[in-house]
Amino acid sequence: MYSNKVLEHIDKPRNVGEIENASGVGTVGNARCGDIMRMYLSIEDNVITDAKFKTFGCGAAIATSSAATEMVIGKTVQEALKITNQNVMEALDGLPAPKVHCSCLAEEALHAALWDYSQKQGIFLEGLKPPDKG
Amino acid sequence: MKKIVYMDNAATTPVRAEVLAGMLPYFGNDFANPASKYRFASKPYAELDEARVKVASAIGAAGADEIYFTGSGTESDNWAIRGAAFANINKGKHIITTAFEHHAVLETCKNLESHGFEVTYLLPDKNGRINPADVESAIRADTTVISVIFVNNELGVIQPIEEIGRIARSRGVIFHTDAVQAVAHIPVDVVGCNIDLLSLSAHKFYGPKGVAALYIRKGVKIEPIIFGGMQEGNKRAGTHNTPGIIGLGLAIEYGLAEMEAEAERLNKLRSKLVTGIMQGIPFAKLNGSENRAPGVVNISFRFIESESILNLLDFKGICASSGSACNSDSLEASHVLLAIGMSHEEANGTVRFSLGRYNTESDVDYVLEALPPIIEKLRNMSPLYDDFLRGKK
């Protein structure tokens, strides 16, 4: 069973949508595993000014995407890079064991969007690896 | 909790009031162990026999002594397959079943494979039906058991049990059917269908949980899987669950009495639900052939994932499922839907509504009102739907 925070994010997800001409977009997961997350970031002067997501997946996948976008807005790129799946889970008061992978997917989606940003800008971001080609 | 619309009757059903009332004395005043020999135990003992007669009559068994009470449909399935496989090991170690059985059958077969048995898993067609000719051609000299589900639990599709029974009997192979979703919902006739072993479970037809039965045709060789006392003709040990068994007997009797009328009522409700969903929601697909048990609706919604649909339905007080409740913690797509050839994406977006005797037309109206905005909300959130729309542009 989900925590009340998870349920609340499923009921009223934050930042659903897409950003035209986003600074970075990342898509992770596949339909076979049942989860696909796409995260859009607007970045100005190294600060994430907006984040949106589209997710195909279970309730936990929606909640982790929603929480992750909420967490990154206002952060610098470097601060955002430090967000882990653990932080996402804490923000949601935890996840059932079979759903922990959804929080990892949220972290991966964020990293994929930041990677896309770094490629577009031609900059090197310390600690960021290219996303796995699923 | 506010309003609840329960449409998951294939998962379990509530105990009907008359059944509960009939069970209660056997928790209290008439608590005696029916195996005891004093007169105080004679009433529970007599009621146990009465329940056996009711079950036998409901499935068309030749005698009440062919009914054995167990603790669950899962136990009945385990016992039937494992018991028959080991009792007939001198003939061979080959079993035939299908790829879309309940896990109670599939996991038993998997376990038998680890004991050196060989199992053939037949695939249903895309409408969810097993072809009897496939069963026939899979039979070998060393085949001892055929196990085919009577009504598939996720799709509701009725299998050609009579034809398979005829084939099995003529080839001298023991035929088991998991009829947990069939009994007291559609006519079941073990003699007419040449069934040797049949599993049924009380909680699927408004009886209590934790009590079930296995029909074992007289003369069929089967070993026990639970050892201990001499209950159930020395074939299934364990103190009788007297109130549960009495509840099973009552539930099956009430179920049979109203089966025909209830099937007609449920079919009407089901038609309304299906028509409403198919007309109101684009990119929805109804799964399974129309030869089905009443009340079960299995529909795939493209571009979205079923668990999130269930979460949002839950917020509206609607209880449905994405397949078997026994497997709801699994992250895998339903093995039943993959067996009928669906893609993972499509299988992942599938919801089952199963109507029951307490559902009304207003429940159907409520679901038809709640569902379309839920599907729309999730599609608007889905990157797959985005990609689809972009591809169309």
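Residues numbered from 1 in each chain as written. Chains lettered and ligands numbered in written order. Predicted model: local features only at pLDDT ≥ 70, side-chain atom pairs only at ≥ 80, totals over all residues. Heavy atoms only, no water.

Asks: Explain the overall build of chain B residue by residue, including any values.
Replies: Of regular secondary structure, chain B possesses 13 helices and 12 strands. Scaling as 2.2 N^0.38, a compact globule of 393 residues should have a C-alpha radius of gyration of about 21 Å, and chain B matches this with 22 Å. Taking the principal axes of its C-alpha atoms as reference, chain B extends roughly 75 × 55 × 35 Å. Every one of the 393 residues in chain B was classed for burial, and the buried ones make up 57%. Within chain B, contacts between residues at least 6 apart in sequence are counted, and of these 73% link residues at least 24 apart. Element-wise, carbon and sulfur atoms account for 53% of the exposed surface of chain B, whose accessible area totals about 15,900 Å². Of the charged side chains in chain B, 40 are positive and 46 negative, and the gap between their average positions amounts to 0 Å. (Helix = DSSP H or I, 4+ residues; strand = E, 2+ residues; numbered from the N terminus. Rg over C-alpha atoms; globule rule 2.2 N^0.38 Å. Buried < 20%, exposed > 50% of the residue type's maximum accessible area, 1.4 Å probe, protein only. Contact = heavy atoms within 4.5 Å. Areas by Shrake-Rupley, 256 points an atom, 1.4 Å probe, with all protein chains shown as cover. Lys, Arg positive; Asp, Glu negative; His and termini not counted. Charge placed at Lys NZ, Arg CZ, Asp CG, Glu CD.)

Asks: Which residues make up the interface of chain A and chain B, and what values do they have?
Replies: The partner chain B presents 23 residues to the 26 residues of chain A that form the contact. Taking both partners together, chain A and chain B bury about 2,000 Å²; carbon and sulfur atoms supply 58% of that area. Contact with chain B buries area across many residues of chain A, yet Arg38(A), Lys54(A) and Phe56(A) alone supply 27% of it, more than any other trio. Linking chain A with chain B are 4 salt bridges, by the criterion used here. Salt-bridge contacts for Lys99(A) lead to Glu307(B); the nearest nitrogen and oxygen are separated by 2.5 Å. (Buried area = accessible area lost by both parts, 1.4 Å probe. Salt bridge = Lys/Arg side-chain N within 4 Å of Asp/Glu carboxyl O.)

Asks: Would you mind going over helix α5 (residues 100-121) of chain A in detail, with residue names and values included?
Replies: Along its 22 residues, α5(A) runs 32 Å from first to last C-alpha, staying within 8% of the 32 Å computed at 1.5 Å per residue. Gly122(A) occupies a position one or two residues after α5(A) and carries a positive phi of about 65 degrees. (Expected span 1.5 Å × (residues − 1).)

Asks: Please set out unusual backbone geometry residue by residue, giving values where relevant.
Replies: Phi is positive for Asp45(A), close to 50 degrees, though the residue is something other than glycine. Along the chain, Asp45(A) falls in the loop between β2 (35-44) and β3 (47-56). The class of Asp45(A) is exposed, set by a relative accessible area of 75%. At Tyr206(B), a position not held by glycine, the phi torsion is positive, near 70 degrees. Residue position: Tyr206(B) is located in the loop between β7 (197-201) and β8 (212-216). When its relative accessible area of 7% is taken as the criterion, Tyr206(B) is described as buried.

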